[in-house]
Amino acid sequence: PFDSQKTDVSLHIPEGAIKDGSFCKIFGQVHTNFQLYFCQSQIKLPKDHVPVAPIPEFIVSDGMHPFLTHVQVRIPHSAKENHHEICVHFGNSHSGKPFERAAKMEQCRMELPDVYYRTDEEYVYVYTTHFTEFVCTCKHTHNMQLHTLCFGRKIRTHLEVKLIIGGALLNLKDFREAS
């Protein structure tokens, strides 16, 4: 499994997902600055959707073909009460091609697609046979809660206070680390 102290995003590659005798390097990063990410990328999301999770991006070393079986990317989200309304968009922001919408696990009948997902109150679980970027969104109408973080310190005779106001994303480790 891939885990990092700085993020709650994790990657699990099950046994048998990589061809025996193969070797690959996996590079990953997690985007939390949505303004910068969407300015630099080619992605176009539905106008009535907002991001509700950090955006993981994994790249596998050259020459590696798709995985033999699905790997799991676990992504924390902020839409606890509305997790059933989350949509997952996937693609490569540098390719210029539009992102696709992943299928929900419940909608998959006989054969599983290359990318599908399920959610619970804390995480989005994306199952994929290839790496890409995963953007989790929810409609604007989902219950947005306001949260504040306040830090203070006394400097000689005055008090300096830093107040951070944000949505429910501040409850996620990835966004607290970025603040």
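Structure shown above.
Engineer: Residue-level account of the pairing of strand β12 (residues 133-139), with values.
Structural biologist: By the criterion of burial, β12 is predominantly enclosed, with 6 of the 7 residues buried. As paired strands, strand β4 (residues 49-51) and β12 are joined by 3 bridges and run antiparallel to one another. By the bridge assignment for β12, His-49 is matched with Lys-139. Where strand β7 (residues 87-91) lies against β12, 5 bridges are found, and the strand directions are antiparallel. Residue pairing for β12: His-89 is matched across the bridge by Val-135.

Engineer: Hey, could you go over the state of the cysteines for me, with residue numbers and the actual values?
Structural biologist: Enumeration over the complete set of coordinates arrives at 0 disulfides. No disulfide involves Cys-87; its nearest neighbouring cysteine sulfur is the one of Cys-138, lying 7.2 Å away. Residue Cys-87 is classed as buried on the basis of its relative accessible area of 12%. For the unlinked cysteine Cys-136, the closest cysteine sulfur is that of Cys-87, found at 9.6 Å.

Engineer: Can you break down the side chain of Thr-119 residue by residue, with the values?
Structural biologist: Inspection of the secondary structure puts Thr-119 in strand β10 (residues 115-119). Reaching out from Thr-119, the side chain makes a polar contact with the side chain of His-83 at a distance of 2.9 Å. In contact with Thr-119, not counting residues within four places along its chain, are His-83, His-84, Ile-86 and Val-124.

Engineer: Account for the packing of aromatic side chains, with residues named and values stated.
Structural biologist: Counting across every chain of the model gives 4 aromatic pairs. Measuring from ring centre to ring centre gives 5.1 Å for Phe-67 and Phe-131, while their planes differ by 75°; the resulting arrangement is edge-to-face. With a gap of 64 residues between them, Phe-67 in the loop between β5 (55-60) and β6 (71-76) and Phe-131 in the loop between β11 (123-128) and β12 connect regions that are remote in the sequence. By the burial criterion, Phe-67 is buried, and Phe-131 matches it. Put simply, the rings of Phe-58, Phe-67 and Phe-131 pair up and form one aromatic cluster.

Engineer: Residue-level account of the nonpolar core, with values.
Structural biologist: Counting residues in hydrophobic clusters, the biggest one holds 25 residues, and the most contacted among them are Val-73, Ile-75, Val-88, Val-124, Val-126, Phe-134 and Cys-136. Among the elements of the structure, β2 (7-12), β6, β7, β10, β11 and β12 are those that each provide at least two residues to this core. Beyond its immediate chain neighbours, meaning those up to four positions away, Phe-134 contacts Pro-54, Ile-55, Pro-56, Val-73, Ile-75, Val-88, His-89, Phe-90, Val-115, Val-126 and Thr-128.

Engineer: Report on the pattern of salt bridges, specifying residues and quantitative values.
Structural biologist: Per the counting criterion, the structure on display carries 1 salt bridge. For the salt bridge of Lys-139 with Asp-48, the shortest nitrogen-to-oxygen distance reads 3.8 Å. With Lys-139 in strand β12 and Asp-48 in the loop between α1 (34-40) and β4, this residue pair connects regions lying 91 residues apart in the sequence. Looking at Lys-139, the relative accessible area reads 41%, which means it is partly exposed.

Rules behind the numbers
Residues numbered from 1 in each chain as written. Predicted model: local features only at pLDDT ≥ 70, side-chain atom pairs only at ≥ 80, totals over all residues. Heavy atoms only, no water. Buried < 20%, exposed > 50% of the residue type's maximum accessible area, 1.4 Å probe, protein only. Helix = DSSP H or I, 4+ residues; strand = E, 2+ residues; numbered from the N terminus. Pairing = 2+ DSSP bridges. Disulfide = S-S within 2.5 Å. Polar contact = N/O pair within 3.5 Å; in protein donor to acceptor, adjacent residues only side chain to side chain. Contact = heavy atoms within 4.5 Å. Phe/Tyr/Trp six-rings, centres within 6.5 Å; stacked < 30°, edge-to-face > 60°. Core = buried A, V, L, I, M, F, W, Y, C linked by side-chain atoms within 4.5 Å. Salt bridge = Lys/Arg side-chain N within 4 Å of Asp/Glu carboxyl O.

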